[in-house]
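Structural characterization, general
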Amino acid sequence: MSQAQQDRPKDRPWLIRTYAGHSTASASNALYRANLAKGQTGLSVAFDLPTQTGYDSDHQLARGEVGKVGVPVCHLGDMRALFDQIPLDQMNTSMTINATAPWLLSLYIAVAEEQGADIKALQGTVQNDLIKEYLSRGTYVCPPAPSLKMIADVAEYCYHNVPKWNPMNVCSYHLQEAGATPEQELAFALATAQAVLDELQPRVPAEDFPAMVGRISFFVNAGIRFVTEMCKMRAFVELWDEICRDRYGVEDPKFRRFRYGVQVNSLGLTEQQPENNVYRILIEMLAVTLSKNARARAVQLPAWNEALGLPRPWDQQWSMRMQQILAYETDLLEYGDLFDGNPVVDGKVEALKAGARAELATLDGMGGAVASIEYMKSRLVESNAERLNRIEAGETVVVGVNKWTEGEPSPLQTEDGGIMTVDPAVEAEQISRLNAWRSSRDTAEVTAALDALREAARNGDNIMPASIRAARAGVTTGEWAEEMRKAYGTYRGPTGVSASPSNKTEGLEHLREAVNAVSDQLGRRLKFVVGKPGLDGHSNGAEQIAFRARDCGMDITYDGIRLTPEELVASARQDEAHVVGLSILSGSHLPLVEDTMTRLRDAGLSDVPVVVGGIIPDDDAEKLLNLGVARVYTPKNFELNSIMMDIVELAKTNAKT
């Protein structure tokens, strides 16, 4: 090593995290402490769907969802158990929470106070990005305008009271998962940031606003197209600097810095030959670490088997070791930016910026991000359809999926299926603890705290002080969220799937003929009802099934996410469905499908075939078939046209003879 290299200070590694949480607060706490002992340097908390959507674990809509995709946190006791023996004033904690972000941050602050921490010293992030929830993730509760107001409440409170905390992660991660092109990911995320800053600007003195801009962070996705993704991050850095300087007049470069964390792409992880995912994850991590001037501040990697189900602790450890080897064994952090002045990189960055600026101009012309939600949603669905078309046609090669599909069995998939499962008894135990918590509370304090929360919401005050008071008093997640629903109302986001066929029906002629033929036999157009029961907001699969079915000539009903089995059966009866399709990715398929099948039988619709899609282990698929489900599809069933032909064949069972 040269003397110049020896004299150059080595960069600090990024925060090393794993996105984790499951079953119970105490089980998740044990996992966190074990990961920290293995060298993890920050925490990234995954909450279960009831917590994300503002329901207590005993709510009807929480059935089958408790502890499945994250940890249930219903009250201060749960949050206390989650961070037991973890000093919060020494930790950097990311909480992936949006609609209930003010509440979970309030619980976190209350626990930190109990630990004796200086609240001003707390470091971390709440995701707190509701706009992307309407577009791609689906854990929203209230309409856009009051949701934007609550995002600003958190930012304003943190600026004055928790100054090291990032009050919002503008989250482009799920936009890419929903099919966004790099230009769309750049534009939609930056438009969201502008909407938030426009909301925040009147709340603080002009001289304080640049520092508040400096607390906004981003959470991004890095896909397998390594060069494009690395250039996308450089484009993000340059566009954000430009927006902060030109739109908001921020002069200090440190407040214009593009600060971001990343989880690399989960969309591209394959169920087929899942061991190949290790290479995908490594290549995707390089895209956000190699370019020093656009390097992530925090990295969390999925595990190789997340397309199969919940990773085990060893799987998470393997992903963590990947980060540690790059950060500590290689010489990456000893050099300046490797790509400055590279003409190929510069050209690609400029092209991405030009595309993003054009899309931003379109959004500005429509009134900004909030006014453009329906437009952005439809664009994402269309882009995702084009992505899937390329995979089906073999234009995009996915190793082990549409090319080189023959391979040896993976020794990594052991007798447990290579994943961790959540004990069904967890839900009952969590509900028992919740009931005990309610019984032990000071009722007068809870009532007074809820009254104060209601008054703050009604008056348009910042809801954080009243929320923190409610957290200390023992109010539950469901009680807090119910007050927000009463004050601000609820919302059903656009599906992005119109009733009219698209102009992308090339190659579907044989399917359209088959749909026409069976429709003639049925005496009316084949009716396909697509639904997402439960709280799962990952709607990409359901949208693409409905999109393709529509283009094949079927009469579809798809009303979006978060429908109860009762509502879906009512829709099937009212619309006289020939086939019903259910999409569930949260792991709650067994109880939700069983409930739906029972209700269909009770409604006299037992002859209507039901198909189910999701991340479903083989043993569970067998159980669903035994319940009477006609077909079960998992991510390995990527050929949508084959699924469409199955639906046509199933509809024939109801055809007139």
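Right, let's walk through the structure included here. None of these values were measured; they are calculated from a predicted model. (Residues numbered from 1 in each chain as written. Predicted model: local features only at pLDDT ≥ 70, side-chain atom pairs only at ≥ 80, totals over all residues. Heavy atoms only, no water.)

Here's the deal with the sheet that holds strand E9 (residues 260–263)
Whenever strands of a sheet pair, they do so through backbone hydrogen bonds, lying parallel or antiparallel. Spatially, the five strands line up as an open sheet ordered E1-E10-E9-E8-E7, and their pairing is parallel. Both outer strands of the open sheet, strand E1 (15–17) and strand E7 (169–171), are each paired with one neighbouring strand and no more. Going across the sheet, the axis of each strand differs from the next one's by a mean of 20°, ignoring polarity. With three bridges connecting them, E7 and strand E8 (residues 217–220) associate as parallel partners. The residue of E8 that forms the bridge with valine 170 is phenylalanine 218. Here helix H9 (residues 182–200) sits on the sheet and contacts E7 and E8; the angle it forms with E8, its principal contact strand, is near 150°. (Pairing = 2+ DSSP bridges. Helix = DSSP H or I, 4+ residues; strand = E, 2+ residues; numbered from the N terminus. Axes fitted to C-alpha atoms, helices over the stretch in contact; angles between N-to-C directions. Contact = heavy atoms within 4.5 Å.)

Structural notes on helix H14 (residues 343–365)
Under the 1.5 Å per step criterion, the end-to-end length of H14 is 33 Å for 23 residues, consistent within 8% with the ideal 33 Å. Those residues of H14 that sit buried are Val345, Val349, Leu352, Lys353, Ala356, Glu359, Leu360 and Leu363. Residues of H14 that are buried sit in contact with H9, helix H11 (226–246) and helix H15 (373–392). Looking one or two residues beyond H14, the residue adopting positive phi is glycine 367, at roughly 105°. (Expected span 1.5 Å × (residues − 1). Buried < 20%, exposed > 50% of the residue type's maximum accessible area, 1.4 Å probe, protein only.)

Describing the packing of aromatic side chains
One pass over the full model with this rule turns up 14 aromatic pairs. Seen from their ring centres, tyrosine 173 and phenylalanine 219 are 5.7 Å apart, and the 40° between their planes marks the pair as tilted. In this pair, tyrosine 173 sits in helix H8 (residues 173–177) while phenylalanine 219 sits in strand E8, placing the two residues 46 residues apart along the sequence. Consider the rings of phenylalanine 218 and tryptophan 240, whose centres lie 4.9 Å apart with planes at 75°: the pair is edge-to-face. (Phe/Tyr/Trp six-rings, centres within 6.5 Å; stacked < 30°, edge-to-face > 60°.)

Some remarks on a nonpolar patch on the surface
A surface patch of nonpolar side chains, amounting to about 300 Å² of accessible area, comprises Ile224, Tyr279 and Ile283. Structurally, the position occupied by isoleucine 224 is in the loop between E8 and H11. (Patch = residues over 30% accessible without salt bridge, like charges linked within 9 Å, V, L, I, M, F, W, Y side chains within 5 Å. Areas by Shrake-Rupley, 256 points an atom, 1.4 Å probe, with all protein chains shown as cover. Salt bridge = Lys/Arg side-chain N within 4 Å of Asp/Glu carboxyl O.)

Topic: unusual backbone geometry
For glutamine 85, which is not glycine, the phi dihedral falls at a positive 65°. Relative to the helices and strands, glutamine 85 is located in the loop between helix H4 (76–82) and strand E4 (92–96).

Here's the deal with the pattern of salt bridges
Tallying each qualifying case throughout the model produces 37 salt bridges. Arginine 472 is the partner of glutamate 113 in a salt bridge, and the nearest nitrogen-oxygen pair spans 2.8 Å. In this pair, glutamate 113 is assigned in helix H5 (residues 101–114) and arginine 472 in helix H18 (residues 464–473), connecting sequence segments 359 residues apart. On the accessibility criterion, glutamate 113 (31% relative accessible area) is partly exposed. Between aspartate 241 and arginine 245 there is a salt bridge; the shortest N-O distance is 3.2 Å. On the criterion of helical spacing, the pair formed by aspartate 241 and arginine 245 is a turn pair, its members being four residues apart in helix H11.

Points about the packing of H15 against helix H21 (residues 540–551)
What describes two packed helices is the angle between their axes and the distance between those same axes. In contact at an axis separation of 10 Å, H15 and H21 are set at 80° when each is read in the N-to-C sense. Compared by their axis directions, H15 and H21 come out roughly perpendicular. Between H15 and H21, the residues in contact are Lys377, Val381, Asn384, Ala385, Leu388, Asn389 and Glu392 and Asn540, Glu543, Gln544, Phe547 and Arg548, respectively. Per-class residue counts for the contact of H15 with H21 are four nonpolar, four polar and four charged. (Parallel < 35°, antiparallel > 145°, perpendicular 65-115°, else oblique. Nonpolar A, V, L, I, M, F, W, Y, C, P; charged D, E, K, R; others polar.)

Digging into the packing of H5 against helix H7 (residues 144–161)
Where H5 contacts H7, the two axes come as close as 10 Å, and the packing angle between them is 25°. Classified by the angle between their axes, H5 and H7 sit roughly parallel to one another. Between H5 and H7, the contacting residues are Pro102, Leu105 and Ile109 on the first element and Met150, Val154, Tyr157 and Cys158 on the second. When its residues are assigned to classes, the contact of H5 with H7 shows seven nonpolar, no polar and no charged.

Brief notes about the pairing of E9
Alternating positions in E9 separate into two faces, Tyr260 and Val262 on one and Gly261 and Gln263 on the other, with burial throughout. The sheet contact formed by E8 and E9 spans three bridges and is parallel. Each bridged residue has a counterpart across the sheet, and for phenylalanine 218 the counterpart in E9 is tyrosine 260. A crossover connection joins E8 to the parallel E9 through H11; in handedness this β-α-β unit is right-handed. (Right-handed = clockwise from strand over helix to strand, strands pointing away.)

Description of a positive patch on the surface
There is a patch of like positive charges on the surface, built from Arg12, Lys254, Arg257 and Arg297. As for its placement among the helices and strands, lysine 254 is situated in the loop between H11 and E9. (Lys, Arg positive; Asp, Glu negative; His and termini not counted. Charge placed at Lys NZ, Arg CZ, Asp CG, Glu CD.)

What to know about the environment of histidine 75
Note on placement: histidine 75 falls in the loop between helix H3 (49–53) and H4. On the basis of relative accessibility, which here comes to 4%, the residue histidine 75 falls in the buried class. Taking C-alpha positions, histidine 75 is 9.8 Å from glutamate 479, a pair spaced 404 residues apart along the chain. At a separation of 3.0 Å, a polar atom in the side chain of histidine 75 contacts the main-chain amide nitrogen of glycine 77. (Polar contact = N/O pair within 3.5 Å; in protein donor to acceptor, adjacent residues only side chain to side chain.)

Some remarks on the pairing of E4
Most of E4 is tucked away: five of the five residues are buried. Burial along E4 is two-sided: the residues Asn92, Ser94 and Thr96 and Thr93 and Met95 are all buried. In terms of strand pairing, strand E3 (residues 43–46) meets E4 through four bridges, oriented parallel. Bridge pairing links valine 45 to methionine 95 in E4. Pairing of E4 with strand E5 (residues 123–126) involves four bridges; the strand directions are parallel. In the sheet register, methionine 95 faces E5, and the bridge partner there is valine 126. Chirality of the crossover, the property in question, places the unit of E4, H5 and E5 among those that are right-handed.

Focus on the side chain of glutamine 544
Inspection of the secondary structure assignment puts glutamine 544 in helix H21. Relative accessible area serves as the criterion here: at 3%, glutamine 544 is assigned to the buried category. In terms of polar contacts, glutamine 544 uses its side chain to reach the backbone amide nitrogen of alanine 385, at 3.4 Å.

What about the sheet that holds E5?
If you trace the five strands from one edge of the open sheet to the other, you get E2-E3-E4-E5-E6, paired in parallel fashion. The sheet terminates laterally at strand E2 (19–20) and strand E6 (165–166), the two strands that pair on one side only. Here H5 sits on the sheet and contacts E4, E5 and E6; the angle it forms with E4, its principal contact strand, is near 150°.

Brief notes about the environment of histidine 22
With respect to the element layout, histidine 22 can be found in the loop between E2 and helix H2 (25–37). Once the C-alpha coordinates of histidine 22 and valine 71 are considered, the two residues, 49 residues apart in sequence, prove to be 4.4 Å apart. When neighbours within four sequence positions are excluded, histidine 22 is seen to be in contact with Ala27, Ser28, Leu31, Gly67, Gly70, Val71, Leu310 and Met420. At 2.7 Å, the side chain of histidine 22 and the side chain of serine 23 are in polar contact.

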